[in-house]
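What the coordinates show
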Amino acid sequence: MEMKGLSIYRNEQGRDRFVAAYDQALSEWPVSYEISYVSTQFGDTHLIRCGDPADPPLLLIHGMTATSLMWSANIAEWCSGYYVYCVDVPGDFGKSTLLKPLSSKEAAAQWLLELTRELGLEKFHLLGHSMGGFISLNFAVVHPERVSSLTLLAPAGSFAPLSRMFYWHMFPAVMLKTQWLIDRAFAWCMSRHNSLDQLPASYRALMSASYKNCFPRLGLLPTVFTEAELAQCSFPTLLIVGEDEVIYRHSLSDVQAKARLLPDITLATVPKAGHLLSIEQKQRINQLVMKFLGKHAGNVTV
């Protein structure tokens, strides 16, 4: 698709290198898929669609800089009972185009509302990781009537401030874009029990191409939601964190205590998992998500 508006690419050569790495990783996608773009006032959102359109809809929102290709470890199981939309967030690394940044909570909620309206979804399951978790919870707070269930994988902010170490490890990789800093950032995100070797080679190549050739224009910082905001969310919610999570300034017990303000919350802690938990412990994450979704599969409207 022809780029328009604001660009995440450092230059045209960088765009070509990123697209080539994205397409290579997508060529290894484990299930059949369709690609589409949906227009909103914020730009054209790139989607990877998988599964049977007759199944309940499930939207996946990736973590910051991770792209929709992060779900390659999970998609085969999740699309076995759901029609899955893997969304590239405009302004973040991915194939969505950008007309204006998602520079506020209100803008992020409006983008997702426009996207789901264009897709014809009145009510749907929503799942997000890290920044995608924050974006998902933010939308659910504003439009709870549209959310059948919400699954949060280590959401950024939301229940506790980000650790200062998050900025210490991630920002140098974005700004200086050396391979050593990129590997350092992703290794820090993972449990000490795991290693970068668990990431598919094509995905590691995509992450390298992303950091070296792109600059994120998301313009949104994750914050902590108030007790009043959380208390009004009546939809079923699943919060999953790894026992070796690193992004929070507070302890996991404090994070989970704040999450209990959600009226219908299920909590799960996954051993030997850090911030990349959906890849580090993919089998356990897949089991937890499918079990949770199965309890609420009928509560959707398409």
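The paragraphs below set out a description of the structure included in this document. Treat the numbers as computed from the prediction; the structure is a model and nothing was measured. (Residues numbered from 1 in each chain as written. Predicted model: local features only at pLDDT ≥ 70, side-chain atom pairs only at ≥ 80, totals over all residues. Heavy atoms only, no water.)

Right, let's talk about the pairing of strand E2 (residues 43-50) for a bit. Of all 8 residues in E2, 7 are buried, a share of seventy percent or more. Relative to E2, strand E1 (residues 34-40) is paired through 7 bridges, and the arrangement is antiparallel. When the sheet's bridge partners are listed, Thr 40 is paired in E2 with Gly 43. Linking E1 to E2, which pair antiparallel, is a turn of 2 residues. Of the pairings in the sheet, the one linking E2 to strand E4 (residues 83-87) comprises 4 bridges and is antiparallel in character. Along E4, the bridge assignment pairs Ile 48 with Cys 86. (Buried < 20%, exposed > 50% of the residue type's maximum accessible area, 1.4 Å probe, protein only. Helix = DSSP H or I, 4+ residues; strand = E, 2+ residues; numbered from the N terminus. Pairing = 2+ DSSP bridges.)

Counting buried positions over the 7 residues of strand E6 (residues 147-153) gives 7, a clear majority of the element. Across 6 bridges, strand E5 (residues 124-129) lies against E6 in parallel orientation. By the bridge assignment for E6, Phe 124 is matched with Val 147. In this fold, E5 hands off to helix H4 (residues 131-142), which returns the chain to E6; that crossover is right-handed. Sheet topology note: the E6/strand E7 (residues 237-242) ladder contains 4 bridges and is parallel. Bridge pairing in E7 links Leu 153 to Ile 240. (Right-handed = clockwise from strand over helix to strand, strands pointing away.)

End to end, helix H3 (residues 105-118) covers 20 Å across 14 residues, agreeing with the expected 20 Å (1.5 Å per residue, within 8%). Within the span of H3, buried status applies to Ala 107, Ala 108, Ala 109, Trp 111, Leu 112, Leu 113, Glu 114, Leu 115 and Thr 116. Buried residues along H3 sit against E1, E2, strand E3 (57-61), E4, E5 and H4. Of the residues one or two after H3, Gly 120 is the one with positive phi, at around 75 degrees. (Expected span 1.5 Å × (residues − 1). Contact = heavy atoms within 4.5 Å.)

For Thr 67, which is not glycine, the phi torsion reads 60 degrees and is therefore positive. Positive phi values are uncommon outside glycine, yet Ser 130 reaches one of about 55 degrees. On the basis of relative accessibility, which here comes to 8%, the residue Ser 130 falls in the buried class.

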